[in-house]
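Coordinates in review
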Amino acid sequence: MPPPADIVKVAIEWPGANAQLIEIDQKKPLSSIIREVCDGWSLSGSDQFALRYADGPQLYITEQSRGEIKNGTILRLAISPTRAARQLLERIQSHGMDARLEALKELAKLSADATFATEFINMDGIAVLARLVESGTHFGEMLAFTLTAFLELMDHGIVSWDLISLSFIKQIAGYVNQPMVDVSILQRSLAILESMVLNSHSLYHRVAQEITVGQLIAHLQVSNQEIQTYAIALINALFLKAPEDRRQEMASTLAQKHLRSIILNHIIRGNRPIKAEMAHQLYVLQVLTFNLLEERMMTKMDPSDQAQRDVIFELRRIAFDGDNDPNSSTEKRKAMYTKDYKMLGFTNHINPAMDFTQTPPGMLALDNMLYLAKVHQDTYIRIVLENSSREDKHECPFGRCAIELTKMLCEILQVGELPNEGCNDYHPMFFTHDRAWEEFFCVCIQLFNKTWKEMRATSEDFNKVMQVVREQITRALAMKPTSLDQLKSKLRGLSYSEILRLRQSERMSQDDFQSPPIIELRERIQPEILELIKQQRLNRLCEGSCFRKIGNRRRQEKFWFCRLSLNHKVLHYGDLEEPPQGEVPFELLTDKIPVADIKSVVTGKDCPHMKEKSTLKQNKEVVELAFSILYDPDEALNFIAPNKYEYCIWTDGLCALLGREMSSDLTRSDLDTLISMEMKLRLLDLENITIPEAPPPVPKEPSTYNFTYHYG
């Protein structure tokens, strides 16, 4: 007979004594259980003790967290968090340096525990740590542990960062600005400054005054990727929180300090592979850099502004400079301008300024056109003159193309959107040129012109060409070219004919599969294919997957693994120190959920862990990968999938276990692919044979049924 659900069997340790094997009744108060444990070892004053996990982070167990205790867990009897906080507070203020160092070392470890942190902070412990740092008397290991404890305590969000004093900020900034400082101290100082900037508007201004951008950039040239990551994270934080009127100024300062080339040479092209956190920070920097274009993208052109109109005149002058006649009359010049603006491909030939009143792309399109005309003048003149000499119906309107292409590139690169928490999608090629955006536009406008010619397009085909060009660009970007030259090479390989070939290979020809007999065959095949997909999903769940625990980025990443039992009746899961290299045996996964207890599977914003973390609510990327298992009585197992593929596999597999429909994008894609293959195989013998729309007629009944066959 299975034990009651409220009874948990555990082992409890105490230094110098044999472990107690007891059954914890979850209905009893935790204080009563601790009293019984203390009585077992004849320890008095049970209110001075608490239970902690013996393994992993060794967190304190509270009334709120006791429900997470599982059968077979090893616990440890320890002094209570209040008593521990009081003792450590006394020891870190003692005169003995060895005792102080040991106390700070223990404090740095315990500060990650929210229960202990609350008690320590209530005793004004953060102020004590701040004074130790401000005194400037701590160095080396002692200072590193002090900063670690301070950062861990502040990360719990119990007290406001606004309470931090200016002298503390100056001291931390001093460690960052020093040319030679211990790596562990530098790493924690950068992390503290990043948190200050991100969590307090007033502290942003103080930190910005104390930190020199030049010194931060110097930290990018070291060999330690952890330091490089923290330095870029602080640069990103300063960039993100800077007032809008200061962002351009900061970008100019970073450009003068050669930030881009330093990142390219010391990080992207460095000797070490780029880790996930570094990739995320590069992605954030890329997004913030492109977001500087948002102001121009959302600025309409003022047709009455002469300076803005002069830019359009300059475009015309560069393209048709030799055609000017200084002695012509005003009317003649006006007619000539109208003709030239038509040849330039503007929609409004009389007043082309009106073409730039739509936002996006606003004035950003005009900036791109002027850059092309001045920096790549030969290319600009060739595109304009080449199209002006074609027949009217086949000319590619340069002006309209440039405006629509700029708008498309803003959509593809998500200009104006905030970075996503879990995204690492940076493009190395954008770090290879100081004017990467403009150069990218120049490559794409030439691609547009080339595709237009390959499609033999007319003005009616403009939107079709735009669709093809978008596909060419997105496919090329997905290949992660490392330079603009490599991008050009990828785009050359994605000609219009190649796009057609790829489209044809990626989808079924709808025309061949619309007749009633084929539709009926598809309907008969579909249940078999769905069963095949279901089995594949369940097999993948049996293999299991590793998931990352969402927490503070600076803390060491924690992982956990989940897999389905081979009989499909139990989900096994447990924590891991690092990502597994192969199959994780069931014995290492200490926790389990019977499939019969699962009530439902929820996704996205409906997940408990998405509701709890307000910072993640705005994070589309993380929300799209979140799902939770709700099981009896009122428990939830929360997941953040490492990628979209794993998300689809797990949500499909869990739905299959519960007898529900698998509705992910991956299922739809697999279903289409497998049905297409199966139908083509079955129809091989009917190649070049026309399949009738209707079945052949049933023959008339015979006049008599008086016939037999004699087997002789």
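These numbers come from a predicted model, not from an experiment. (Residues numbered from 1 in each chain as written. Predicted model: local features only at pLDDT ≥ 70, side-chain atom pairs only at ≥ 80, totals over all residues. Heavy atoms only, no water.)

1. Some points on the overall build of the protein chain
Selection criterion: Strands here mean DSSP runs of E at least two residues long; helices mean DSSP runs of H or I at least four residues long; both are numbered from the N terminus. Computation of the radius of gyration draws on C-alpha atoms alone. For the globule rule, the value is 2.2 Å times the number of residues to the power 0.38. Accessible areas in this description were obtained via Shrake-Rupley with a 1.4 Å probe; residue shielding takes into account the shown protein chains only. For the purpose of charge, His is not counted, nor are the chain termini; Lys and Arg are scored as positive and Asp and Glu as negative. A charge is said to be at NZ when it belongs to Lys, at CZ for Arg, at CG for Asp and at CD for Glu.
Broken down by element type, the protein chain carries 30 helices and eleven strands. Computed over its C-alpha atoms, the radius of gyration of the protein chain comes to 34 Å, more than 25% above the 27 Å expected for a compact globule of 712 residues. Overall, the protein chain is about 110 × 105 × 40 Å in size when its C-alpha atoms are taken along their principal axes. Accessible surface, the protein chain as shown: approximately 37,700 Å² in total, 50% of it carbon and sulfur. For the protein chain, the centre of its 82 positive side-chain charges and the centre of its 96 negative side-chain charges are spaced 2 Å apart.

2. Details of helix H8 (residues 183–199)
For an α-helix the count is 3.6 residues per turn, leaving residues at separations of three or four pointing the same way. Note the following rule: By this rule, a helix spans an expected 1.5 Å times one less than how many residues it contains. Exposure classes here rest on a 1.4 Å probe applied to the protein chains alone. A residue is buried below 20% of its type maximum, exposed above 50%, and partly exposed in between. Only heavy atoms matter for contacts: two residues are in contact if any of them lie within 4.5 Å across the pair.
In this model, H8 (17 residues) spans 24 Å end to end at C-alpha, consistent with the 24 Å of a helix rising 1.5 Å per residue. Here H8 has its buried residues at Ile185, Leu186, Ser189, Leu190, Ala191, Ile192, Leu193, Glu194, Ser195, Met196 and Val197. Those residues of H8 hidden inside the fold are in contact with helix H6 (140–155), helix H7 (166–177), helix H9 (201–210), helix H10 (213–218) and helix H11 (225–241).

3. Describing a negative patch on the surface
Inclusion rule: Any residue with relative accessible area above 30% and no salt bridge may belong to a patch, with like charges joined within 9 Å and the nonpolar Val, Leu, Ile, Met, Phe, Trp and Tyr side chains within 5 Å. Throughout this description, the term salt bridge denotes a Lys or Arg side-chain nitrogen within 4 Å of a carboxyl oxygen of Asp or Glu.
On the surface, Glu244, Asp245, Glu249, Glu294 and Glu295 cluster together into a negatively charged patch. Elements with a minimum of two residues in the negative patch: helix H12 (244–256) and helix H15 (294–297). Ranked by residue count, the leading element in the negative patch is H12, at three residues. Along the chain, glutamate 244 falls in helix H12.

4. Things to note about the pairing of strand E1 (residues 7–14)
Basically, it comes down to this: We call two strands paired when DSSP finds no fewer than two bridges between them.
Sheet analysis places E1 next to strand E2 (residues 17–25), joined by seven bridges and oriented antiparallel. In the strand pairing of E2, valine 8 is matched with isoleucine 24. Of the strand pairs in this sheet, E1 and strand E4 (residues 74–79) are connected by three bridges, and their pairing is parallel. Within E4, the position partnered with glutamate 13 by the bridge is arginine 76.

5. Focus: the packing of aromatic side chains
Note the following rule: Aromatic contacts are taken between Phe, Tyr and Trp rings whose centres are within 6.5 Å, Trp giving its six-membered ring; a plane angle under 30 degrees counts as stacked, one over 60 as edge-to-face, and the others as tilted.
Tallying each qualifying case throughout the model produces 26 aromatic pairs. Plain terms: the ring middles of phenylalanine 290 and tryptophan 437 are 6.0 Å apart, the flat faces sit at 65° to each other, and that makes the pair edge-to-face. Pair noted here: phenylalanine 290 is in helix H14 (residues 276–290) and tryptophan 437 is in helix H21 (residues 436–454), with a separation of 147 residues, a long-range link. Taking the centre distance of 5.4 Å and the plane angle of 85° together, the rings of phenylalanine 430 and phenylalanine 440 count as edge-to-face. Within this pair, whereas phenylalanine 430 is found in the loop between helix H20 (398–412) and H21, its partner phenylalanine 440 is found in helix H21, the two being separated by ten residues in sequence. Each of the two residues, phenylalanine 430 as well as phenylalanine 440, counts as buried. An aromatic cluster of at least three residues, connected via ring pairs, comprises Phe547, Trp560, Tyr573, Phe627, Phe639, Tyr647 and Trp650.

6. What about helix H23 (residues 484–493)?
The criterion, for reference: This arc corresponds to the set of directions leading from the helix axis out to the C-beta atoms.
Buried within H23 are the following residues: Leu484, Leu487 and Leu491. Projected down its long axis, H23 shows its buried positions confined to an angular sector of 50°, all on one face. Turned more than 90 degrees off the buried face of H23, the exposed positions are Asp485 and Arg492. Buried residues along H23 sit in contact with H21 and helix H22 (462–478).

7. Describing the pairing of strand E8 (residues 591–594)
Side chains of E8 alternate between two faces, with Asp591 and Ile593 buried and Lys592 and Pro594 left unburied. Pairing analysis gives four bridges linking strand E7 (residues 570–576) to E8, with the strands arranged antiparallel. Note that in E8 the partner of tyrosine 573 across the bridge is aspartate 591.

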